Amino acid sequence: MSMARLSTFGRWLSCSLLLAGAGIASPPADGFPPQASSSEELLTLPGEIGKPGGRLIVSLRAEPKTLNPLTAADAPSQEVILGAMQADLVHINRATQLTEPALAKSWRVSPDGLQYTLTLRKGLRFSDGQPFDANDLLFTFRVYLDENVHATQRDQLIVGGKPITVRKLDEQTVVFQLAKTYGAGERLFDGLAILPRHLLEKPYSEGKLAQTWTLATPANQWAGLGPFRLKEYVPGQKLVLERNPYYWKKDTKGNRLPYLDEVVFLFVSNADAQVLRFQSGETDLISRLGAENFSVLSRQQKGYSMSDAGPGLEYNFLFFNLNEPGEKTSPDLARKMKWFHETKFRQAISQAIDREAIVRLVYQGRGAALWGPVTPGNHRWGDASIPHPPRSLEKARALLKEAGFTWTTAPDGRPTLVDSDSKPVEFSILTSSTNADRTKMATLIQDDLKQLGIPAQVVPTEFRSLLDRVTQTREYEACVLGLVSFDADPTAETNVWLSSGGRHLWNPSQAHPATAWEAEIDKLMEQQLVAPSFEPRKKLFDRVQEILAENQPMIFLASPDILAGAKNSIGNFHPAVLEPYVLWNVEQLYFKDASGNARP
Amino acid sequence: MMHRGGWKRWLIALAVLHGIIGCAGFFAPYDPAEQDRERPYLPPMKIRMVDTAGHFHFRPFFYGVHLGDGTFDQFEESTDQVVPLQFLVSGARYRLLGLMPCQKHLFGAPASRIYLLGSDAYGRDQLSRILYGGQISLLSGLLGAGLTLFFGLLIGAAAGFFGGWKDGLLMRVAELFMALPWLYLLLALRAFLPLSVSPLRAFFLIIVVIGAVGWARPARLVRGVVLSAKERDYVRAARGFGAKNGYLLRRHILPETSSVILTQAAILVPQFVLAEMTLSFLGLGVPEPVPTWGSLLASLQQYSVLVSYWWMYLPALAIVPFFLGYLGLASALQQDASTGKIEKAASGVRQ
């Protein structure tokens, strides 16, 4: 199944990632870009007509570890590769969230949903001028599926327990054969970079593929199909990409894209430092902004403008430890787990949480309160019938009373919630110490719960040890976390909702579903995966959302807006709520005036 | 030159300052954990005597505030809403000095809420948090210094008095303690602690850690004094008369260390307050929502807070009078001790 995309750590941080791959190329020997010939089947992009030239400078949180799409597991590598150097067969448009043709100009799905026939564009060239055809594609998928290569994409290409097979019909046509229908369909191909056979076949046959294409690779050893290609890498400072003169997209006037001459990624590890660089004009774009920094920048707009793209796909939630107490579980935790397993207890907590306050105080109003995992940023999959009950302490108290909880008066005169054994109800809430937003949410929840007579402790913990507690030792009581989907399609979340999934956070990797409702979710998720079209899939996933809302294994809190900024001189700047937020249309970005070039 | 007894003035000043912090419940208008979600990052309110129409009010007052439309932290004064400031009002319950249940506060405004020093990200009153935060910071400073000096005195005196291999061993351990990278050890320690450490336990843990870390330096100072004291003629004479070790230490040697100990105490207390602040700043301190000076300053780690909300710096200012007080006391004590010595020596000559 194609769930392994979720298993990367990056998803967990507010900085999530998409997997993608790319090739990067050397400059052509002759040095001038070839004219678009009639034999090339270029893709025409609608949009503002831009001016050629200019150097775009953006900050990157960390130095990419590699430029090899096969081994890129860290977010910065994927951002660079996906954002600027990569091209896939079918692409998910980050603005519309729908698939559209890329290297494949069209595709056909067989009626049983098992066969995808893709027709490739004719006459395309890699960034080093070498032609691209079906053989490169066959080579790419052979490499991806080769167990000895350990490509990060491999798990994604195993559908229904069997690897996808690829077969060439002619130089322009390939057929993909799946063992089982795949609900998200051609979305499968998004982010799968097509590799140049002429450069990588030799290292592959020598078994050195994983070691190639590091950052130290000379630019002429590179080739890719993305809008930009490698020019220069300065360790610890920057990565410079230059225009790919053979890129296969053009604007409506027939000008070959991209417009920009160069894209420079500066390595700026600190979010505040990125803000300062942007503020001083050193960088042209900024994304992944927190609401506080966004408002700082908005207050003193000089030559740049800020934009709020609305809620993204990140959802934050509180969840309780719903594992079954085992032998190693401490008696104290086992006692508390009894409360957590009580559905009415979780519903009461959900009722008591002031989500509007979270949106206002944590995101300064730039976010959306959530009652389910599908954020308003996801255009197609939200279930409108899910109730959005406002905060109500009375209802919360009534639910707790029904579940057998009562209140006593503590020595200091405050009412305290006690369970049926007259033991006081209290628990700790884990948060990641590096994520100020979630710690803030937990502090607000702490105050909400105090009004129910529940003293809660907020415990900011180092992220790795938090994850270890949640998925391995399972010694925790409650936790606030967030997840970011890389795609709007629920298939991307399979690993979270299936009871056997490793990211089924409240009780991960179950052998058998622990509850009837988890079993039902399992069944629905499997059905939606093989359902033939959107409508039945949507219905099935709506039911999943309803079960989640009813049982509250995750108490959904809020989703932050995607906030970004750009210099006023940048044209075609349209931040999207899917990653890469601002560079998804990098081939169309351009400088409206010459000032972009004039920078020292 | 300052005359003898200058330290008394410093001591009085410090006593007053500590009294204010000790009675934080009375001086603070609100409970430090109480959130006012409608007023996050509210700037300090202006106390007025004259209203916008130019009328003089005998009772100080302030204008009510509300959030500007569609903004997060832009507040507007409602000039039609005059809220008089009242003194000795009833409000949140607290325990005076941790003992007496009480409800009276020095000032307040029952009709609305008053934020003399603004509010933080959760709309909690910054003044109340500074006052209550001082309780934990100062107490951990005092207790930490006490603990350190106790161990320092014990180990230093033992090393100096017994000498030989015991001295060597103790001093090597002291050097080891000075060489340890404590901050990293503390970070590691936090990872092993049980998850839900209640604020009270966390507080005591901090004190123990702070106290355990610092004993090496005073121990070395004490050892030096003891080493020279035990060779004095009167000590040897007493020993010649058959005095036991315990008697010698109690009667002749430890009194010699008193000036070192007192001066050290006055220097160590602010140092340990600072240490507590560092730990809390790094998130190793007392958990939310209990305030300490360190955790109050921790929000300044964010650039946006740093440039947007100047009143978040105020907790840093709160420390200044305490530091001046303690350091002034330390230098007065030192001066006192040295003049005392001279006088003693002079009177010895006269005799």
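Our subject is the structure listed above.
Residues numbered from 1 in each chain as written. Chains lettered and ligands numbered in written order. Predicted model: local features only at pLDDT ≥ 70, side-chain atom pairs only at ≥ 80, totals over all residues.

## Structural notes on the overall build of chain A
So, step 1. A count of helical and extended segments in chain A gives 15 helices and 26 strands.
So, step 2. Relative to the globule expectation of 25 Å for 600 residues, the C-alpha radius of gyration of chain A, 25 Å, shows essentially globular dimensions.
So, step 3. On the principal axes, the C-alpha backbone points of chain A span a range of 85 × 55 × 40 Å.
So, step 4. A burial count over chain A gives 52% of its 600 residues as buried.
So, step 5. Taking all contacts inside chain A whose residues are at least 6 apart in sequence as the whole, residues at least 24 apart take part in 72%. (Helix = DSSP H or I, 4+ residues; strand = E, 2+ residues; numbered from the N terminus. Rg over C-alpha atoms; globule rule 2.2 N^0.38 Å. Buried ≥ 20, exposed ≤ 12 C-beta atoms within 10 Å, placed from the backbone. Contact = placed C-beta atoms within 7 Å.)

## Quick look at the overall build of chain B
So, step 1. Counting its secondary structure elements, chain B contains twelve helices and five strands.
So, step 2. On C-alpha atoms alone, chain B measures out to a radius of gyration of 26 Å, which is more than a quarter above the 20 Å that the 2.2 N^0.38 rule sets for 351 residues.
So, step 3. Counting only C-alpha atoms, chain B reaches 85 × 55 × 40 Å along its principal axes.

## Looking at helix α7 (residues 216–229) of chain B
Residue pairs spaced three or four apart in an α-helix point in one direction, given the helix's 3.6 residues per turn.
All names here are of chain B.
So, step 1. Compared with the 20 Å implied by 1.5 Å per residue over 14 residues, the 20 Å span of α7 between its first and last C-alpha is a close match.
So, step 2. For α7, the set of buried residues is Ala216, Pro218, Ala219, Val222, Arg223, Val225, Val226 and Ala229.
So, step 3. Lining the buried residues of α7 we find α3 (126–162), α4 (164–179), α8 (233–240) and α9 (245–281). (Expected span 1.5 Å × (residues − 1).)

## A few points about the environment of A:Asp170
All names here are of chain A.
So, step 1. The topology assignment puts Asp170 in strand β9 (residues 165–170).
So, step 2. Asp170 gets classed as exposed once you count the C-beta atoms within 10 Å, which come to 10.
So, step 3. Along the chain, Asp170 and Asn568 lie 398 residues apart, while their C-alpha atoms are 47 Å from each other.

## Concerning the sheet that holds strand β10 (residues 173–177) of chain A
All names here are of chain A.
So, step 1. Pairing within the open sheet is antiparallel, and its four strands lie in the order β5-β6-β10-β9. With partners counted over all chains shown, the strands left at the sheet margins are β5 (104–109) and β9, one partner each. Averaged over neighbouring strand pairs, the angle between their axes works out to 20 degrees when direction is ignored.
So, step 2. Together, β6 (115–120), β9 and β10 form the strand contacts of helix α2 (residues 134–145), whose direction differs from that of β9 by roughly 170 degrees. (Pairing = 2+ DSSP bridges. Axes fitted to C-alpha atoms, helices over the stretch in contact; angles between N-to-C directions.)

## What to know about the interface of chain B and chain A
So, step 1. The interface is formed by 20 residues belonging to chain B together with 28 residues belonging to chain A.
So, step 2. With four residues, the single largest contributor to the side of chain B that touches chain A is helix α11 (residues 303–308) of chain B.
So, step 3. Counted by class, the side of chain B that touches chain A contains ten nonpolar, seven polar and three charged residues. (Nonpolar A, V, L, I, M, F, W, Y, C, P; charged D, E, K, R; others polar.)

## What about the packing of α3(B) against α9(B)?
All names here are of chain B.
So, step 1. It is at 7 Å that the axes of α3 and α9 come closest, and there the two elements cross at 145 degrees. The hand of the α3/α9 crossing is right-handed.
So, step 2. In the contact of α3 with α9, the residues fall into 18 nonpolar, seven polar and one charged. (Left-handed = near helix turned anticlockwise from the far one by under 90°.)

## Thoughts on the sheet that holds strand β3 (residues 75–84) of chain B
Residues and elements named next belong to chain B.
So, step 1. The three strands are arranged β1-β2-β3 in an open sheet whose pairing can be described as antiparallel. If you trace the sheet from one side to the other, it starts and ends with β1 (48–50) and β3, each paired once. When the angles between neighbouring strand axes are averaged without regard to direction, this sheet yields 50 degrees.

## What to know about the pairing of strand β23 (residues 478–484) of chain A
All names here are of chain A.
So, step 1. Counted residue by residue, β23 has seven buried out of seven residues, so it is predominantly covered.
So, step 2. The alternating pattern of β23 places Ala478, Val480, Gly482 and Val484 and Cys479, Leu481 and Leu483 on opposite faces, both of which are buried.
So, step 3. Sheet topology note: the strand β17 (residues 314–320)/β23 ladder contains seven bridges and is antiparallel. Bridging from a neighbouring strand, Leu318 pairs with Val480 of β23.
So, step 4. One ladder, built from two bridges, connects strand β21 (residues 427–432) with β23; its direction is parallel. Residue pairing in the sheet places Ile429 in a bridge with Ala478 of β23.

## Description of the nonpolar core
Nonpolar side chains tend to gather and get buried jointly when the protein is soluble and globular.
So, step 1. By size, the foremost hydrophobic cluster in this structure holds 239 residues, and its most contacted members are A:Phe319, A:Ile429 and A:Leu557.
So, step 2. Sorting elements by how many residues they give to this core places α3(B) first, with 14 residues.
So, step 3. For A:Ile429, the residues in contact, after removing those within four places along its chain, are A:Ala442, A:Ile445, A:Gln446, A:Ala456, A:Gln457, A:Val458, A:Val459, A:Ala478, A:Cys479 and A:Val480. (Core = buried A, V, L, I, M, F, W, Y, C linked by C-beta atoms within 7 Å.)

## Considering helix α13 (residues 516–530) of chain A
Residues and elements named next belong to chain A.
So, step 1. Counted at 1.5 Å a residue, the expected span for α13 with its 15 residues is 21 Å, and the 22 Å between its end C-alpha atoms agrees.
So, step 2. Along α13, the residues classified as buried are Glu518, Ile521, Asp522, Leu524, Met525, Gln528 and Leu529.
So, step 3. Residues of α13 that are buried in the fold lie against α12 (494–497) and α14 (534–551).

## Examining unusual backbone geometry
Backbone geometry follows two general trends: most residues other than glycine have a negative phi, and most peptide bonds adopt the trans configuration.
All names here are of chain A.
So, step 1. Backbone torsion omega between Leu257 and Pro258 reads -5 degrees, so that peptide bond is classified as cis.
So, step 2. With respect to the element layout, Pro258 can be found in the loop between β13 (249–251) and β14 (262–267).
So, step 3. Here the bond from Glu579 into Pro580 is cis, since omega is -10 degrees, no more than 30 degrees from zero.
So, step 4. Among the secondary structure elements, Pro580 is positioned in the loop between β25 (570–571) and β26 (590–591).
So, step 5. Positive phi values are uncommon outside glycine, yet Arg474 reaches one of about 60 degrees.
So, step 6. Locating Arg474 in the fold gives a position in the loop between α11 (463–473) and β23.
So, step 7. With 20 C-beta atoms counted inside 10 Å, the residue Arg474 sits in the buried group.
So, step 8. Residue Ser509 is not a glycine yet carries a positive backbone phi of 50 degrees.
So, step 9. Tracing the backbone through its elements, the reader meets Ser509 in the loop between α12 and α13.

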